[in-house]
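Each chain is listed here by its residues.
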Amino acid sequence: MAEFFDALSEKHTAMIEAQAVFFVATAASDGRVNLSPKGYDAFRVLSPTQVAYLDLGGSGNETHAHVMADQPDKGRITIMFCNFQRPALILRIYGKGRPILPQDEEWEALAANFDLLPGTRQVFVIDVESVQTSCGWGVPFMSLEGERETLQKAHRQSDPAEWEAKMAGRISSIDGLPVRPTDRYIAGDS
């Protein structure tokens, strides 16, 4: 049976912190729905009503385009966690998101919540509107073998000036929505 909550509880936060993967879904009023899996130690609960996740450069920037699109429901985003161990549980966070880039005033304070990874391009902050839990009985048992290092390795081996030029050229989504690119290469905290 699904249950809804106005904010994240300590139990919800503990479940989130135990997961190695989460999923992000966004959509503009027109165009494609985007659904992306995310890994690494990239998600933080900032408060019962605010969460954030670290985003690395990839092939597109659909989430950024969707949450910034000029539309009546601007910023809508859904984050989903599945417990692949016991107890069975699915947790969804519905909210309004916005990207914070390294050139933004909020960056330093927000980035301090994370170990920055090679290729970090932005942090998405989500103001929680509601939290939903459901049984998760159809989710299989799975165990984590390890993180894929390929994305971080590719960013780590990038020439910073070439990386910045590549990101500067990514100014629209696959549906033509505008994207504000990052202005700097981040090598990571390690």
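Residues numbered from 1 in each chain as written. Predicted model: local features only at pLDDT ≥ 70, side-chain atom pairs only at ≥ 80, totals over all residues. Heavy atoms only, no water.

Caption draft 1: A look at the nonpolar core. Of all hydrophobic cores here, the largest spans 18 residues; its most connected members are Phe43, Tyr53, Ile79, Phe81, Leu91 and Ile93. Ranked by residues supplied to this core, first place goes to strand β8 (residues 120–134) with four residues. Core analysis: the second largest hydrophobic core is formed by 15 residues, Tyr40, Ala42, Ala111 and Ile186 among them. (Core = buried A, V, L, I, M, F, W, Y, C linked by side-chain atoms within 4.5 Å. Buried < 20%, exposed > 50% of the residue type's maximum accessible area, 1.4 Å probe, protein only. Helix = DSSP H or I, 4+ residues; strand = E, 2+ residues; numbered from the N terminus.)

Caption draft 2: Broad picture of helix α1 (residues 10–17). Every buried residue of α1 is listed here: His12, Thr13, Met15 and Ile16. Within α1, the buried residues cover an arc of 160 degrees as seen down the axis, which keeps them to one side. Across α1 from its buried face, at more than 90 degrees, point the exposed residues Glu10, Lys11 and Glu17. (Arc of directions from axis to C-beta.)

Caption draft 3: Region of the structure containing the pairing of strand β5 (residues 50–56). Where burial is concerned, most of β5 is hidden: six out of the seven residues are buried. Bridge count between strand β4 (residues 43–47) and β5: four bridges; the pairing is antiparallel. For Arg44, the partnering residue across the bridge sits in β5 and is Ala52. With antiparallel pairing between neighbouring strands as the criterion, β4 and β5 make up a hairpin whose turn holds two residues. (Pairing = 2+ DSSP bridges.)

Nothing here speaks to function; it is geometry throughout.
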